[in-house]
Amino acid sequence: MKERFEIDSNSNVLFVTSQCNNHCIMCCQPPQKDDDFNFCFNQNIKLIKSAPKETKVVCITGGEPTLAGDSFIELVSLVRKELPLTDIHVLSNGRAFSDNEFVHKLKVAGEDKVFIGVPLHSDFFRDHDIISGAKGAFNETMLGIYNLANEGILIELRIVINKLNYYRLPQLAKYIFKNLYFVSWVAFMGMEDTGWASKNAETIWVEPIDYASQLCRAVKELDDWDIPVAIYNIPLCLLPTEYHRFATRSISDWKTRYLDICNDCSVRFECCGLFGTSMRNYQGLKAI
Amino acid sequence: MRKYALLPFNFITILNHEILINELGDFIITPIGTVQKILSHSISDEDLYKTLVSNFFVTEEILPSLLDIYASRLRTKKGFLDDKTSLHIFVLTLRCNQNCIYCQASSQEETSKHCSMSLEDMTASVQMMFHSPSPNLTMEFQGGEPSLEIDLIRHGIETAEEINKEKNRKLTYVLCTNCRKLSDDMLELCKQYNILISTSLDGPSYIHNKNRGREDSYEKTIAGINKARAVLGNEFVSALMTTSELALDYPKEIVDEYVSDGFNGIFLRALNPYGLAAQNEDWKRYNQRFISFYKTAVDYIIEINKHGIFFREEYASIILRKMLTPYTTGFVDLQSPAGTINSVIVYNYDGYVYASDESRMLAEIHDYSFRLGKVTDKYEDVFCGSVAKRMGKIWANEALAGCSSCPIKVYCGADPVRHHSTQGDMYGFRPTSLVCEKNKAIIEYLFSLIVERGDEVLPIFRRWVK
């Protein structure tokens, strides 16, 4: 976390709380129970007030930032007022947006520069619920996504690929096109081996070389339908060349790490690299 | 598996697979015997079960929490109803400068009198058009040969533009012309108002000239297309073909003609048997031959696409859009409720309003069943009058015997005018309906391609429907 925001950084973060109402089995920052709302809120106000007006994007995250309720809305409103040019990227499990009044408040507070990153783990509700560790999460998240779309708020779907969902990625892609075709883009994300992902590795860890074919089929289906699609956190050497154009340098600048073998790689500077925070490296890494 | 209940779906058996289809047109290809297993709660394939649940075929909840998503998607699929009538056809005249052998519009000699619309009726028709609530209004000029009535076209457009200063609709103009005599004046008018040109091209010269009844028709049409493209730009000129009996033997040659003329698609249209029910046996034979012609042509078009050329068959594209996407389609012949009146209306040269293009063709053989009223009548009396009410009872295939239980009805539509014309009863009788036979055959054929050659054809189909 930064003490001060930087204009071009992709990690200007407003951390709202470490509490969460989901308990995702691959969570890289497992939730805490402490009542940290006020503490975080005061910190965030300072960050916002001292931020350069040209800051491109701030990310509001947690834990689950919407648990702060009205003070989450207040935070969005403050960013909008102090930093009128800045995009507001909220990372949320989307469940709170099943309340359409809450979504409307968010729209009023954030105007037209808010986009919400929502994780969707599966097209099958029970798989999603198991991965997010909360019964009923899928239904609330889906309803939330519809409410957000209805208010015209931009939506990014985030799919963290793990052992419990990788084999249905093509079905998930089809589901997204049929039921959520209005989303702004879809990101398929490699897992970070830290936090609960490490603890639950036995159940959930899967190597990119083992899911590349399902991932590519899903990416192709969405791309065929002109739904913008991206691959996050997977180094280029683990993806077929024709899918390199979907991969982005997605890892926060302060977390990114490269290996020695990366020095000889011709695409090092287009590659997202690896998580500095990850406990293990992916299998099959090589210079290309 | 948990306890579950069924949501509405139907199925069709194709190539030893059961294709499960829901009310949204979403489908799942499954092994034979799957429906029986679903009914007897004995599905052993867990992956299939997940697919059935996530796609709204079965539900574990008595009141499914996300059923409103299904409802919202159904609303999107029926989105063509939201705006009411957007396609307004103006039949300017029966005068024509060609003698097409299959003319369905009872065209008259170029020099004929008393078969063109009056300026007053044009004004009244345009005024009536603006009563439609649709934010998009398309004025399509037809004939006969409408370019013979340039003053009428200009008057119609100027009247519309004047009214539109206040009404603010998005206006689109289409001129359906054989391109035989596209004068500089006509093209200048097209340029001024961005009029789209829709012409007729039946294939290579030996087919086109025979169909169109003139030795030089092909040459003139191609010259007209090129002239129009030069003035307006390629994207402003499209062509339609009609499959005469002669054409049935030349599917590939017709496709090749369209490719070499620089078109990126073709609409393979069957002849419409208007007023010809008496020769039903011949039509039955024609229908079957058309179906094989169609399949051969589409197979060939797929091959062309595999060589990297984008070229689509328009009718298949409309059906595939219903099968593969969550979006609505605005094609009037495959809608339920039917496109007649709801999406399209015709202002005829005789000063009367008709339910569809086919309805005014029937009027030429003195069948006025679908005449809705005079262009000077009140909008409500025409669009919601007694004819409209009678049609309203039978224009949704969800409620028609023979359609309501059909597994592929969601891709098809209701066509009261066609059934009136061919079966003498606008309700229609599906077992002998040729339009039913044709649509079924085409839809099943598209499914069979997806079942048998999915990896190969789906990427191509996705490009067609975008």
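Residues numbered from 1 in each chain as written. Chains lettered and ligands numbered in written order. Predicted model: local features only at pLDDT ≥ 70, side-chain atom pairs only at ≥ 80, totals over all residues. Heavy atoms only, no water.

**Comments concerning the overall build of chain A**
We count it as follows: For helices the rule is a DSSP run of H or I covering at least 4 residues; for strands it is a run of E covering at least 2, with both sets numbered from the N terminus onward. Only the C-alpha atoms count toward the radius of gyration. The rule for a globule is 2.2 Å times the residue count to the power 0.38. Relative accessibility decides the category of a residue: with a 1.4 Å probe and only protein chains considered, values under 20% of the type maximum give buried, values over 50% give exposed, and everything between is partly exposed. Contacts: residue pairs with any heavy atoms within 4.5 Å of one another. Note that accessible areas follow from Shrake-Rupley with a 1.4 Å probe, and for residues the cover is restricted to the protein chains shown. Charge counting treats Lys and Arg as positive and Asp and Glu as negative, with His and both chain ends excluded. By convention, the charge on Lys lies at NZ, on Arg at CZ, on Asp at CG and on Glu at CD.
Of regular secondary structure, chain A possesses 9 helices and 9 strands. Computed over its C-alpha atoms, the radius of gyration of chain A comes to 18 Å, within 12% of the 19 Å expected for a compact globule of 288 residues. Oriented by its inertia axes, the alpha-carbon framework of chain A measures out at about 45 × 40 × 35 Å. A buried classification covers 57% of the 288 residues belonging to chain A. Once local pairs closer than 6 in sequence are excluded, the contacts in chain A between residues at least 24 apart make up 74%. Element-wise, carbon and sulfur atoms account for 52% of the exposed surface of chain A, whose accessible area totals about 12,400 Å². In chain A, 30 positive and 36 negative side-chain charges are present, and the distance between their average locations comes to 1 Å.

**Topic: the side chain of E364 of chain B**
Worth spelling out the cut-off: Salt bridges are defined by distance alone: a side-chain nitrogen of Lys or Arg within 4 Å of a carboxyl oxygen of Asp or Glu.
Counting through the fold element by element, E364 of chain B comes out in the loop between α12 (357-363) and β16 (371-374). Of the side chains bearing the opposite charge, R360 of chain B lies closest to the buried E364 of chain B, which forms no salt bridge; the N-O distance is 5.9 Å.

**Quick notes on helix α16 (residues 434-465) of chain B**
Residues and elements named next belong to chain B. Applicable threshold: For a helix, the expected span equals 1.5 Å multiplied by the number of residues minus one. One axis fitted to the seven residues ending at a residue, another fitted to the seven starting there: the angle between these axes is the bend at that residue. Polar contacts, as counted here, are pairs of nitrogen or oxygen atoms within 3.5 Å of one another; within protein the pair requires one atom able to donate a hydrogen and one able to accept it, and residues that are adjacent in sequence qualify only if both atoms are side-chain atoms.
The end-to-end C-alpha distance of α16, which contains 32 residues, comes to just 26 Å, noticeably less than the 46 Å that a straight helix rising 1.5 Å per residue would cover. In the structure, α16 departs most strongly from a straight axis at R453, where the bend amounts to approximately 120°. For α16, a buried count of 24 out of 32 residues is recorded, marking the element as mostly surrounded by other parts of the structure. Near the N-terminus of α16, the side chain that reaches the backbone nitrogen of V435, with its oxygen 3.5 Å away, is that of S433.

**Overview of the packing of aromatic side chains**
For any two aromatic rings, the description comes down to two numbers: the centre-to-centre distance and the angle of the planes. Inclusion rule: The rule is short: rings of Phe, Tyr and Trp, with Trp giving its six-membered ring, pair when the centres are within 6.5 Å, and they are stacked under 30 degrees, edge-to-face over 60, tilted in between. Charge over a ring is defined by NZ of Lys or CZ of Arg lying within 6 Å of the ring centre and within 35 degrees of the ring normal.
Tallying each qualifying case throughout the model produces 33 aromatic pairs over all chains. For the pair Y181 of chain A and F182 of chain A, a centre-to-centre distance of 5.6 Å together with 70° between the ring planes defines the contact as edge-to-face. Judged by its relative accessible area of 29%, F182 of chain A falls in the partly exposed class. Each member of the aromatic cluster is reached from another via a ring pair, and the members are Y146, F177, Y181, F182 and W225 of chain A together with Y327 of chain B. A cation over a ring is seen here: R268 of chain A above Y258 of chain A, with NZ or CZ 4.1 Å from the ring centre. Sitting over the ring of Y315 of chain B, K438 of chain B keeps its end group 5.3 Å from the ring centre.

**Describing the domain arrangement of chain B**
Residues and elements named next belong to chain B. Here is the rule we go by: The split of the chain into domains comes from an automatic or database domain assignment. By convention, the term buried area covers the 1.4 Å-probe accessible surface removed from two parts as they join, with the contributions of both added.
Once the domains are mapped, chain B shows domain 1 (5-77) and domain 2 (83-358). Here domain 1 and domain 2 have C-alpha centroids that lie 39 Å from each other. Contacts between the two partners involve 6 residues from domain 1 and, on the opposite side, 8 residues from domain 2. Summed over both sides, the interface of domain 1 with domain 2 buries roughly 480 Å², with 43% coming from carbon and sulfur. The largest contributions to the domain 1 side of the interface with domain 2 come from F27, T76 and K77, which together make up 77% of the buried area. In this assembly, domain 1 and domain 2 are joined by 0 salt bridges. Counting across the domain 1 and domain 2 interface gives 3 residue pairs in polar contact (both at pLDDT 80 or more). Sorting elements by how many residues they give to the side of domain 1 that touches domain 2 places helix α3 (residues 67-77) first, with 3 residues.

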